[in-house]
Amino acid sequence: MVFAEMPQVVADLDRPEHRCDSVFLPRAVYMSGDIDGHDLCWQGPDLVVANTRFSCLARIADRHGFEPVWQPRFVSALAPDDRCHLNGLAVTEAGMAYATAFGQTDAPDGWRDGVLGGGVVLDVASGVPIMTGLTMPHSPRVFDGEVYVLDSGTGRVLAIDPRSGQTRAVSELPGFVRGLDRLGDVLFVGLSKLRAGRRSWHLPIEAHGDRLICGVAAIKRNSGLLIGWLEFMDFEEVFDLKVVTGTQNMVFEAPFGPASARYIDLQGRVFETPRADESPQT
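As a starting point, this report considers the structure included with it. (Residues numbered from 1 in each chain as written. Predicted model: local features only at pLDDT ≥ 70, side-chain atom pairs only at ≥ 80, totals over all residues. Heavy atoms only, no water.)

## Concerning the overall build of the protein chain
1) Next: A count of helical and extended segments in the protein chain gives two helices and 21 strands.
2) Next: Oriented by its inertia axes, the alpha-carbon framework of the protein chain measures out at about 65 × 45 × 40 Å.
3) Next: At a minimum sequence separation of 6, the contacts of the protein chain that also span at least 24 residues come to 48%.
4) Next: Total accessible area on the protein chain stands at roughly 15000 Å², and carbon and sulfur atoms take up 52% of it.
5) Next: Taking the 26 positively charged and 37 negatively charged side chains of the protein chain as two groups, their mean positions are separated by 2 Å. (Helix = DSSP H or I, 4+ residues; strand = E, 2+ residues; numbered from the N terminus. Contact = heavy atoms within 4.5 Å. Areas by Shrake-Rupley, 256 points an atom, 1.4 Å probe, with all protein chains shown as cover. Lys, Arg positive; Asp, Glu negative; His and termini not counted. Charge placed at Lys NZ, Arg CZ, Asp CG, Glu CD.)

## What about the packing of aromatic side chains?
1) Next: A complete count under the given rule lists eight aromatic pairs for this structure.
2) Next: Seen in terms of ring centroids, Tyr30 and Trp42 are 6.2 Å apart; in terms of plane orientation they differ by 70°. Their pairing is edge-to-face. In this pair, Tyr30 is assigned in the loop between β2 (22-28) and β3 (37-43) and Trp42 in strand β3, connecting sequence segments 12 residues apart.
3) Next: On the accessibility criterion, Tyr30 (33% relative accessible area) is partly exposed.
4) Next: Taken together, a centroid distance of 4.9 Å and an interplanar angle of 55° make the contact between Phe54 and Phe66 tilted. Taken as a pair, Phe54 in the loop between β4 (46-51) and β5 (56-59) and Phe66 in the loop between β5 and β6 (67-70) lie far apart in primary sequence, 12 residues in all. Phe66 carries the same exposure label as Phe54, and that label is buried.
5) Next: A network of ring pairs unites the aromatic residues Phe3, Phe24 and Phe252 as a single cluster. (Phe/Tyr/Trp six-rings, centres within 6.5 Å; stacked < 30°, edge-to-face > 60°. Buried < 20%, exposed > 50% of the residue type's maximum accessible area, 1.4 Å probe, protein only.)

## Things to note about the pairing of strand β16 (residues 186-192)
1) Next: Of all the seven residues making up β16, six are buried; the element is thus mostly covered by neighbouring parts of the structure.
2) Next: As paired strands, strand β15 (residues 176-183) and β16 are joined by six bridges and run antiparallel to one another. Each bridged residue has a counterpart across the sheet, and for Arg182 the counterpart in β16 is Leu187.
3) Next: Where β15 folds back onto β16 in an antiparallel hairpin, the turn is made up of two residues, including Gly184, whose phi is positive at roughly 60°.
4) Next: Here β16 runs beside strand β17 (residues 215-220); their pairing, made up of six bridges, is antiparallel. (Pairing = 2+ DSSP bridges.)

## Here we look at the pattern of salt bridges
1) Next: Evaluated as defined, the whole model comprises 17 salt bridges.
2) Next: Measuring nitrogen to oxygen at the nearest pair gives 3.2 Å for the salt bridge that ties Asp34 to Arg53. With Asp34 in the loop between β2 and β3 and Arg53 in the loop between β4 and β5, this pair connects stretches of sequence that are 19 residues apart.
3) Next: Owing to a relative accessible area of 30%, Arg53 belongs among the partly exposed residues under this scheme.
4) Next: In this structure, Asp144 engages Arg221 in a salt bridge whose closest nitrogen and oxygen atoms are separated by 2.9 Å. Separated by 77 residues along the polypeptide, Asp144 in the loop between β11 (137-143) and β12 (146-151) and Arg221 in the loop between β17 and β18 (226-231) bring together distant segments of the chain.
5) Next: Where salt bridges share partners, they join Asp39, Arg141 and Asp240 into one cluster. (Salt bridge = Lys/Arg side-chain N within 4 Å of Asp/Glu carboxyl O.)

## What to know about a nonpolar patch on the surface
1) Next: Taken together, the side chains of Met1, Val29 and Met31 make up a nonpolar region of the molecular surface, amounting to roughly 350 Å² of accessible area.
2) Next: Relative to the helices and strands, Val29 is located in the loop between β2 and β3. (Patch = residues over 30% accessible without salt bridge, like charges linked within 9 Å, V, L, I, M, F, W, Y side chains within 5 Å.)

## Regarding the side chain of Arg141
1) Next: Relative to the helices and strands, Arg141 resides in strand β11.
2) Next: We classify Arg141 as buried; its relative accessible area is 9%.
3) Next: At 3.2 Å, the side chain of Arg141 forms a polar contact with the backbone oxygen of Leu180.
4) Next: Dropping the residues within four chain positions of it, Arg141 is found in contact with Asp39, Leu89, Ala90, Glu146, Val147, Tyr148, Leu180, Asp240 and Lys242. (Polar contact = N/O pair within 3.5 Å; in protein donor to acceptor, adjacent residues only side chain to side chain.)

## A closer look at the environment of Phe66
1) Next: Look at Phe66 and you get buried, because its relative accessible area is 16%.
2) Next: Distance in space between the C-alpha atoms of Phe66 and Ile35 is 9.1 Å, their sequence separation being 31 residues.
3) Next: Excluding anything up to four places from it in sequence, Phe66 contacts Ile35, Asn51, Phe54, Cys56, Ala58, Arg59, Ile60 and Ala61.

## Quick look at unusual backbone geometry
1) Next: Positioned with a positive phi, His85 is a non-glycine residue whose angle comes to about 50°.
2) Next: Inspection of the secondary structure assignment puts His85 in the loop between β6 and β7 (86-92).
3) Next: Under the relative-accessibility criterion, His85 is labelled buried at 11%.
4) Next: Backbone geometry at Phe256 places phi at a positive 65°, although glycine is not the residue there.

As structure tokens, this is what we get:
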């Protein structure tokens, strides 16, 4: 779902019981089918997704469910087999840059046999791994030329110099780390608990399962110093997160909500239609 910010309607929706200083209204819905999509990004006007079920990066099309745009070298066929659990996508101004996968495998669900240490970060342009030996990696991101990746099964935040190949451990956090963004020199990292009833993969973080939290951690990018965290008590998983500046209380309205029906945005000019009880009788 795509939402657009409409600051013109904040005054109408701001209420004492639910303060808001930013309002987003729905504008489009993309339908892909059940491709087990993970990371999303915009490439110009195109919405690109890590298509995990089909082991590729794909454009969500307006005529077909998706159109593949890139596949790892080791994947030999386009099929709904989740061969390598391709899940993460990092983009730069130049385009799609890096992807993460749980394994360099070509058999259906082949990644499951090598979860511990089988994960990779792949250079999209060359198809060559820039890092191997990871355990369930997620959320590759590029910040100032460095590639960051979350090694979810170990709880580590890692940074890679793609030129030299050198890697440094930034931090180790109390959660299944997944979801990464930054603001200046601060990294924000999503934390999840382990799923109840899941298969045990013997992950390093399983040794601390009773101390894992769900929330968001803030750490210094260079030193890894933990500044603090938010802990969520009512749910157990975070997949991704984004830093949005200039607002504290955001409202996203569901499709067919009252504000979506009442306000019409014409290239920045907002028209207000009558409320239902204000409409003339016909």
